[in-house]
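# What the coordinates show
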Amino acid sequence: MDFYDVIIIGTGAGGGTLARSLAPSGKRILLLERGDWLPREPANWLAQDVFVDNKYVSPDTWYDETGVPFHPQVHYFVGGATKLYGAALYRLRPQDFGELEHHDGISPAWPISYDELEPYYTRAEHAYEVHGVRGEDPTEGPASAPYPFPAVSHEPRIQQLADDLEAAGYRPFHAPCGIRLNEPNMPYSVCVRCQNCDGFPCAVHGKSDAEVLGVRPALEHPNVTLLTNAKAVRLQTNDAGTVVTGVTVERDGETEQYAGEIVVLACGAANTAALLLASATDKHPNGLANGSDQVGRNYMFHASQAVLALSRDENPTVFQKTLGLNDFYFGTDEHDYPLGNIQMVGKSQAPMFRGEKPTETKLAPGWTLDKVAKHAIDFWLSTEDLPLPENRVTVDGDGRLTLAYRATNDVPKQELYRKLKSILGQLRMETDHLFGRFAYMKNEIPVAGCAHQAGTCRFGRDPDTSVLDVDCKAHELDNLYVVDTSVFPSIGAVNPALTAMANSLRVGDHLIERLGAAVPVEAEAVA
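Residues numbered from 1 in each chain as written. Predicted model: local features only at pLDDT ≥ 70, side-chain atom pairs only at ≥ 80, totals over all residues. Heavy atoms only, no water.

## Observations regarding the packing of helix H1 (residues 13-22) against helix H5 (residues 211-219)
This is how it is decided: In this description, a line fitted to the C-alpha atoms serves as the axis of each element, helices being fitted only across the stretch in contact, and the angle between N-to-C directions of two axes falls anywhere from 0 to 180 degrees. Runs of H or I in DSSP of at least four residues are treated as helices and runs of E of at least two as strands, each being numbered from the N terminus. Helix crossings fall into two classes, left-handed where the near helix is turned counterclockwise from the far one by less than a right angle and right-handed where it is turned clockwise. We call two residues in contact when some of their heavy atoms are within 4.5 Å. Residues are grouped as follows: Ala, Val, Leu, Ile, Met, Phe, Trp, Tyr, Cys and Pro are nonpolar; Asp, Glu, Lys and Arg are charged; all remaining types, including Gly, are polar.
Across the interface, H1 lies against H5 with an axial gap of 8 Å and an inter-helix angle of 35 degrees. In the crossing of H1 with H5, the sense of the turn from one axis to the other is left-handed. Every residue of H5 that contacts H1 at Gly16, Ala19 and Arg20 is listed here: Leu213, Gly214, Val215, Pro217 and Ala218. Here the residues of the contact of H1 with H5 sort into 5 nonpolar, 2 polar and 1 charged.

## Digging into the pairing of strand S12 (residues 303-311)
For clarity, the threshold we go by: Throughout, exposure labels follow a simple rule: accessible area from a 1.4 Å probe, protein chains only, divided by the maximum for the residue type, with under 20% read as buried, over 50% as exposed, and the rest as partly exposed. The rule for pairing is simple: two strands pair if DSSP sees at least two bridges between them.
In terms of burial, S12 is largely enclosed, as 9 of its 9 residues are buried. Every second residue of S12 is oriented toward a common face, with Ala303, Gln305, Val307, Ala309 and Ser311 on one face and Ser304, Ala306, Leu308 and Leu310 on the other, all of them buried. Pairing of S12 with strand S15 (residues 376-383), which is carried by 8 bridges, proceeds in the antiparallel orientation. Following the sheet pairing, Gln305 is matched in S15 by Leu381.

## What about the pattern of salt bridges?
Between side chains of opposite charge, a pair can form as their charged atoms come close. Put simply, the rule is: What counts as a salt bridge is simple: a side-chain nitrogen of Lys or Arg found within 4 Å of a carboxyl oxygen of Asp or Glu.
Under the defined criterion, the tally for this structure stands at 21 salt bridges. Three or more residues are tied together by salt bridges with common partners; here these are Lys83, Asp209, Glu211 and Arg216.

## A few points about the side chain of Thr17
When you line up the elements, Thr17 lands in helix H1. The class of Thr17 is buried, set by a relative accessible area of 3%. Not counting the four nearest positions on each side in its chain, Thr17 is found in contact with Gly12, Tyr128, Met501, Ser504 and Leu505.

## Some remarks on the environment of Thr248
Here Thr248 is to be found in strand S10 (residues 244-251). Taking C-alpha positions, Thr248 is 10.0 Å from Ser279, a pair spaced 31 residues apart along the chain. Non-local contacts of Thr248, meaning those with residues more than four positions away in its chain, are made with Lys231, Ala232, Val233, Arg234, Gln236, Thr255, Glu256 and Gln257.

## Some points on the packing of aromatic side chains
Counted only if it meets this: Pairs were defined over the aromatic rings of Phe, Tyr and Trp, the Trp ring being its six-membered one, requiring ring centres within 6.5 Å. Orientation was assigned from the angle between planes: stacked under 30 degrees, edge-to-face over 60, tilted for the rest.
Applying the stated criterion to the full structure yields 14 aromatic pairs. Note on Tyr90 and Phe173: the rings are 6.2 Å apart at their centroids and 80 degrees apart in plane angle, and the pair reads as edge-to-face. Of this pair, Tyr90 sits in the loop between strand S4 (69-70) and strand S5 (100-102) while Phe173 sits in strand S7 (residues 173-174), and the two are 83 residues apart along the sequence. With respect to burial, Tyr90 and Phe173 carry one shared label: buried. With a centroid separation of 6.3 Å and an interplanar angle of 80 degrees, the aromatic rings of Tyr299 and Tyr405 are classed as edge-to-face. On the criterion of sequence distance, the pair formed by Tyr299 in the loop between helix H6 (269-278) and S12 and Tyr405 in the loop between strand S17 (401-404) and helix H10 (410-424) is long-range, its members being 106 residues apart. Per residue, the accessibility class of Tyr299 equals that of Tyr405, and both read buried.

## Some details on helix H3 (residues 114-127)
Just so we agree on the cut-off: Take the number of residues in a helix, subtract one, and multiply by 1.5 Å to get its expected span. Two axes are fitted around each residue, one to the seven residues ending there and one to the seven starting there, and the angle between them is reported as the bend at that residue.
For H3, with 14 residues, the first-to-last C-alpha span of 19 Å sits near the 20 Å given by 1.5 Å per residue. When the local axis directions of H3 are compared, the greatest deviation, roughly 25 degrees, occurs at Tyr120. When we look at burial in H3, the residues that qualify are Tyr114, Leu117, Glu118, Tyr120, Tyr121, Thr122, Ala124, Glu125 and Ala127. Those residues of H3 that are buried lie in contact with H1, H5 and helix H11 (497-515). Immediately beyond the C-terminal end of H3, within one or two residues, lies Glu129, with a positive phi of roughly 50 degrees.

## As for the state of the cysteines
Stated formally: The criterion for a disulfide is a pair of cysteine sulfur atoms lying within 2.5 Å.
Going through the model one piece at a time under the given rule, you end up with 0 disulfides. Residue Cys267 stays outside any disulfide, its sulfur separated by 9.5 Å from that of Cys457, the closest cysteine. Overall, the relative accessible area of 25% leaves Cys267 in the partly exposed class. A relative accessible area of 0% places Cys457 in the buried class.

## Re the side chain of Ser466
For the record, the criterion: Side-chain atoms alone can form a polar contact between residues adjacent in sequence; in general such a contact is a pair of N or O atoms within 3.5 Å, and within protein one must be able to donate a hydrogen while the other accepts it.
Turning to its location among the elements, Ser466 is positioned in the loop between strand S18 (429-436) and strand S19 (480-482). A polar contact is formed between the side chain of Ser466 and the backbone oxygen of Asp462, at a distance of 2.7 Å. Polar contacts involving the side chain of Ser466 include one to the side chain of His475, which spans 2.8 Å. Not counting chain neighbours up to four residues away, the residues in contact with Ser466 comprise Ser292, Gln294, Arg458, Phe459, Gly460, Arg461 and His475.

## With respect to the confidence of the model for the protein
Spelled out, the test is: On a scale of 0 to 100, pLDDT captures the predictor's confidence in every residue.
On average, residues of the protein score 92 in pLDDT, and 92% of them reach the 70 mark or higher. Low pLDDT, under 50, characterises residues 355-359; the predicted model gives this stretch 4 contacts beyond four residues in sequence or across chains. pLDDT under 50 marks residues 438-445. Its contacts with residues more than four places away, or in other chains, come to 22 contacts.

## Brief notes about the nonpolar core
Put simply, the rule reads: What is meant by a nonpolar core is a set of buried Ala, Val, Leu, Ile, Met, Phe, Trp, Tyr and Cys residues, joined one to another through side-chain atoms within 4.5 Å.
In terms of nonpolar packing, the biggest core is built from 106 residues, with Ile9, Leu235 and Leu480 touching the most fellow members. In terms of residues, this core owes the most to one element, H11, which gives 10 residues. Excluding its chain neighbours within four sequence positions, the residues that come into contact with Leu480 are Leu235, Val244, Val263, Leu265, Leu276, Leu288, Cys472, Lys473 and Ala474. By size, the runner-up hydrophobic cluster in this structure holds 24 residues, among which are Val307, Ala309, Leu325 and Ile423.

## Here's the deal with the environment of Tyr258
Within the element layout of this structure, Tyr258 appears in strand S11 (residues 254-265). Sequence separation of Tyr258 and Val247 is 11 residues, and the distance between their C-alpha atoms is 5.2 Å. With residues up to four places along the chain from it excluded, the contact list for Tyr258 reads Met1, Asp2, Tyr4, Ile7, Leu30, Leu227, Thr245, Gly246, Val247, Val249 and Arg251. A distance of 2.6 Å separates the side chain of Tyr258 from the side chain of Glu256, its partner in a polar contact.

The structure is reproduced here in structure tokens:
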């Protein structure tokens, strides 16, 4: 059995970031990725292939609590879900780390504060080349450094929208974007500022994803090994059940075994929980690290809405995802409970609507799909989803994953929609102008859209109510860690990727100290 100092299972925002931070230590590191490298091909940028044909969606089948199968919108590639994310790299608000009262209940406090994670947010923003500007967002927390790159400029129609919002008394801000853009010197820019970014793979590696800025830099070190098409199916433990002694992997039709001094899970909230549950032993009859009965519970994925507004003027914007609005994040004068975040999404394209039901794409008489796309301004609305114990992942004896889920905070979700509709009604928009963006939200089963999944292995100080300790080590096993979004006690209302990256860097520092490793000073600047 091959032995490594650290085995990392999963190469997305958590695993890919951790690999990069540990690579300069010289320790033997094994990365296990169940998928392959995402092909670089013309289809990367074709809306028909990506949004209609689902070319890059993995062929998993999960089941809801009634036993009905569905196909989750998951992507198994080197870089994980970040290969197709929109690269909106927001920090959680400082208040998100404390207990917050919502319309449907309480969002629990984290075992660490914003101030404790802040230095790692700054490091993550540098590692992932985030563009932004401090001071525009009224809800943002303090930062120890400016963004490493200037904000991505608004194109004229979005700048007009920002100006109109500001004139109406709101505080729009430049969204934090993880794209490798050099606007002052475009001949040397990796990103070409195209329309095929949000929800698409990037064929030119212009997106700050975990493959490009996590795994690839890690693999420059000879002590790091990556195995693709390697699905971890079980964790082995010693007789006492206190240490993970091996990882069972299915690869190329064969079963292989690997061992490591430290094993780190970063498979995504659903699959990390599933692996722990599938690894039950006599000492852990309900699943590995599950003495608290919390593994798989408290699943969250945001109460999200993708909508398009029809502008009276055409919207020729190419790269649209540059604006955010958090004026209603913690409530309004009419509501003393949080509503959430409003941000732009990638620009509508007519092919995205092809294949949808006629009643969903026939927005109004005379509005062809091409015309809709030309006049559309597109938004993503996120309201915080609350962690409910009954919202959970379970696994049966055949390894079949069931996801039971009941939505929360539907009232603030609808209130946020109404606030946006009210605002846009005053800003050069068509009457009855707001419609569902079906290219994003086309699944009739809500749990299928699981891009922002979180929870299932929350970290905390009490072993009776959490799976992991403050260092994200399993309470019950000495060498098992988790660094993906499953550790989140709550999800906030902004994209979770940057928080996963920052927390992974925090855990990485702990692991470097535990391993007695020394990281070169020049590596610390980017780790």
